[in-house]
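So you can see what is in the structure, the chains are spelled out below.
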Amino acid sequence: MEEKSTQEAVGTAAQEQGSSSTKPSKTEHREAYGTAKTENLRDSGLWRILLPAAVVIFGLALFVIPLIILGPLLTNSIIALTQNGGEGELLWVWITMIVLVVGTAAVVTWGIWRAMLTQAVNYEKQ
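Residues numbered from 1 in each chain as written. Predicted model: local features only at pLDDT ≥ 70, side-chain atom pairs only at ≥ 80, totals over all residues. Heavy atoms only, no water.

A. Highlighting the overall build of the protein. Of regular secondary structure, the protein possesses three helices and zero strands. Secondary structure elements of the protein occur, N-terminal to C-terminal, as α-α-α. Taken across its 126 residues, the protein has 12% of its residues classed as buried. Residue pairs at least 24 apart in sequence account for 61% of intrachain contacts in the protein once pairs closer than 6 positions are excluded. (Helix = DSSP H or I, 4+ residues; strand = E, 2+ residues; numbered from the N terminus. Buried < 20%, exposed > 50% of the residue type's maximum accessible area, 1.4 Å probe, protein only. Contact = heavy atoms within 4.5 Å.)

Rendered as structure tokens:
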């Protein structure tokens, strides 16, 4: 009787292979390949703290570093304006540069924060 059931299973598998169906037969040997069984998939969660912290720090640096450079230039231009009796030749340049740099930094920082911090929050909820 075992021979009959084995022959029937082989015949059924042969019929299924000949058909256009993509379902695997019940007797077909299936084996998983890959390294998922050997990798350590545990996560310490430290990157969920470090990545957003680094993004925030670099985003703030986009504001602070140019302002550290342009702030004294604007201050010196204002001082020169008061000492020279109203001649502020480069005052408009420093004000324009500060507005452009802060505006550009705001757009770039908003985009990076939106992309990076949204992903970190989504991973945190899992």
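B. Molecular detail of helix α2 (residues 47–83). Taking 1.5 Å as the rise per residue, α2 with 37 residues should run 54 Å; its terminal C-alpha atoms sit 53 Å apart, in good agreement. Of all the bends in α2, the largest measures some 30° and sits at Ile 68, one to four residues before the proline Pro 72. Along α2, the positions that sit buried rather than exposed are Pro 52, Val 55, Gly 59, Leu 70, Leu 74 and Ser 77. Looking one or two residues past α2, Gly 85 carries a phi angle of roughly 75°, positive in sign. (Expected span 1.5 Å × (residues − 1). Bend = angle between axes of the 7 residues up to and from the residue.)

C. Structural view of the confidence of the model for the protein. Here the protein shows a mean pLDDT of 76. Residues at 70 or above account for 61%. Put simply, helix α1 (residues 2–18) is where the protein has its lowest mean pLDDT, 51, and α2 is where it has its highest, 90. (pLDDT = per-residue confidence, 0-100.)

D. Structural view of the side chain of Ser 77. By secondary structure assignment, the location of Ser 77 is in helix α2. If sequence neighbours within four positions are ignored, Ser 77 has contacts with Leu 90, Leu 91 and Trp 94.

E. Just the side chain of Thr 109, in detail. The topology assignment puts Thr 109 in helix α3 (residues 91–124). Accessibility expressed as a relative area gives 4% for Thr 109, which makes it buried. Leaving out residues up to four positions away in the same chain, Thr 109 has contacts with Gly 59, Leu 62 and Phe 63.

F. Region of interest: the nonpolar core. Counting five residues, the largest nonpolar core consists of Leu 70, Leu 74, Leu 91, Trp 94 and Ile 98. Elements represented by at least two residues in this core include exactly α2 and α3. At three residues, the largest contribution of residues to this core is made by α3. (Core = buried A, V, L, I, M, F, W, Y, C linked by side-chain atoms within 4.5 Å.)

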